[in-house]
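Geometric and topological summary
Single-letter residue listing:
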Amino acid sequence: MPELPEVETVRRAIRSELEGRRVASARICHPRTARRHARHTDVEDRLVGRRVNRVGRLGKFLLIGVDGDLTWVMHLGMSGRISLCEPGDPMEIHTRFWAEMEPGPSLRMIDPRTFGFVAVFTPEELDGSTLARLGADAWEDLPSAGWLFEAMRSRTTPIKSLLLDQRFLAGLGNIYSDEVLHRAGIHPTRRSGGLSLEEVGRIRSEVRPVLAEGISRGGVSLDDLAYLLPDGRAGGFLEYLAVYGREGLACRSCQSPIRRMVINARSSFFCPECQAGP
DNA sequence: AGGAATTCCTGTAAGC
DNA sequence: TGCTTACAGGAATTCC
């Protein structure tokens, strides 16, 4: 599942292939992928002929500024990936969107489960979308411990759930939030409002290092290889994860077996020794 | 308004 | 072997 480090890896890889170039043609291959628009042809019509100015990112969203003050938005959802290839390359199964650039390689989105989407927004549409309600970016704009503590203190939801809430903080998903909580020594079901300023500070101080390591290793490619880098290589961070996907295996710090529990209908992995219960 | 449940979707794996 | 079922989960939506 692509999270901030995976999306940032994609952003860095496609940036030089898009910026300054023009969209020669574009196609939505699955209507659900353009579900933010009334007509899926809106995406195609708005993109064609536009020049790319800047390839940016907010949380897990790729935000690509193009001519005409439009923002080309791509989200990879659960199973999406971006592929750079030549226009004549055989079309992979589950290709949901493609854009031919002039000059340069084409961009394709492959997304079996169609949780991802592509949109092209005017400034007004962007402002009215849920993107406008995203929290601060966890990598570029991480709030202070004091700010996080204040924002948490009235909340009863488990800290794991809050870290997944993109309106609170944008970029962490199920893998990286588990890794942050393990490094910080905080149990995932702890009530957000019950954490001390010192504990919030520990969480805060682990966010950027975990994301940095994920980015430097090209992100996490799971065994299903749903996420790959735009050149087709797999990310290498999986084997360095401390808790995610390691149920029953020894904690790298204390050798206790890693446990799995379900919080808000998703798996959470934690060390019962390093992360004391509520 | 916050928090929890539900929905979307398909490849994979487990179970009978 | 072949079918059915469970599972994975990001974000939007709905309900309480």
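Attention here is on the structure that accompanies the text. As the structure is a prediction and not an experimental result, all values here were calculated from the model.

1. Thoughts on the environment of E150
- Topologically, E150 is positioned in helix α4 (residues 145-152).
- A relative accessible area of 45% places E150 in the partly exposed class.
- Residues E150 and V200, spaced 50 residues apart in sequence, show a C-alpha to C-alpha distance of 9.9 Å.

2. Here we look at the protein's contact with DNA strand C
- As a matter of local geometry, DNA strand C sits amid 15 residues, with R36, H75, F115, T130 and Q166 nearest to it.
- Counted by atom, the contact set of DNA strand C within 4 Å of the protein is 60% sugar and phosphate.
- For DNA strand C, a phosphate oxygen lies 2.6 Å from a polar atom in the side chain of H75.
- N174 has a polar side-chain atom sitting 3.0 Å from a phosphate oxygen of DNA strand C.
- Of the residues assigned to the surface near DNA strand C, the class counts are 5 nonpolar, 5 polar and 5 charged.

3. Focus on the sheet that holds strand β1 (residues 22-28)
- Read across the sheet, 4 strands follow the order β1-β6-β7-β5 without closing on themselves; strand pairing throughout is antiparallel. Edge positions in the sheet fall to β1 and β5 (81-85), since each of these pairs with one other strand and no more. Direction aside, the axes of adjacent strands within the sheet are offset by 20 degrees on average.
- Bridge count between β1 and strand β6 (residues 95-102): 6 bridges; the pairing is antiparallel. Pairing of S25 across the sheet is with E100, part of β6.
- Taken strand by strand, helix α1 (residues 4-18) contacts β5, β6 and β7 (106-110), and its axis lies near 35 degrees from that of β5.

4. Brief notes about the sheet that holds strand β8 (residues 117-121)
- Taking strand neighbours across the sheet as the criterion, the 4 strands line up as β2-β3-β4-β8 in an open arrangement whose pairing is antiparallel. Each edge of the open sheet is held by one strand with a lone partner, namely β2 (52-58) and β8. Strand-to-strand twist of the sheet, defined as the mean angle between neighbouring strand axes without regard to direction, takes the value 20 degrees.
- As paired elements, strand β4 (residues 70-75) and β8 share 5 bridges and run antiparallel to each other. Each bridged residue has a counterpart across the sheet, and for T71 the counterpart in β8 is F121.
- On the sheet, α1 packs against β2 and β3 (61-66) and is oriented at approximately 175 degrees with respect to β2.

5. Considerations on the pattern of salt bridges
- As enumerated under the stated definition, the model contains 19 salt bridges in all.
- The salt bridge involving E198 is made with R202; its shortest N-O contact spans 2.9 Å. Note that E198 and R202 are positioned in helix α7 (residues 197-216) at a spacing of 4 residues, about one turn of the helix.
- Taking the shortest distance from any N to any O, the salt bridge between R217 and E213 comes out at 3.8 Å.

Parameters and conventions
Residues numbered from 1 in each chain as written. Chains lettered and ligands numbered in written order. Predicted model: local features only at pLDDT ≥ 70, side-chain atom pairs only at ≥ 80, totals over all residues. Heavy atoms only, no water. Helix = DSSP H or I, 4+ residues; strand = E, 2+ residues; numbered from the N terminus. Buried < 20%, exposed > 50% of the residue type's maximum accessible area, 1.4 Å probe, protein only. Near = heavy atom within 4 Å. Polar contact = N/O pair within 3.5 Å; in protein donor to acceptor, adjacent residues only side chain to side chain. Nonpolar A, V, L, I, M, F, W, Y, C, P; charged D, E, K, R; others polar. Pairing = 2+ DSSP bridges. Axes fitted to C-alpha atoms, helices over the stretch in contact; angles between N-to-C directions. Contact = heavy atoms within 4.5 Å. Salt bridge = Lys/Arg side-chain N within 4 Å of Asp/Glu carboxyl O.

The analysis is restricted to geometry; functional conclusions fall outside its scope.
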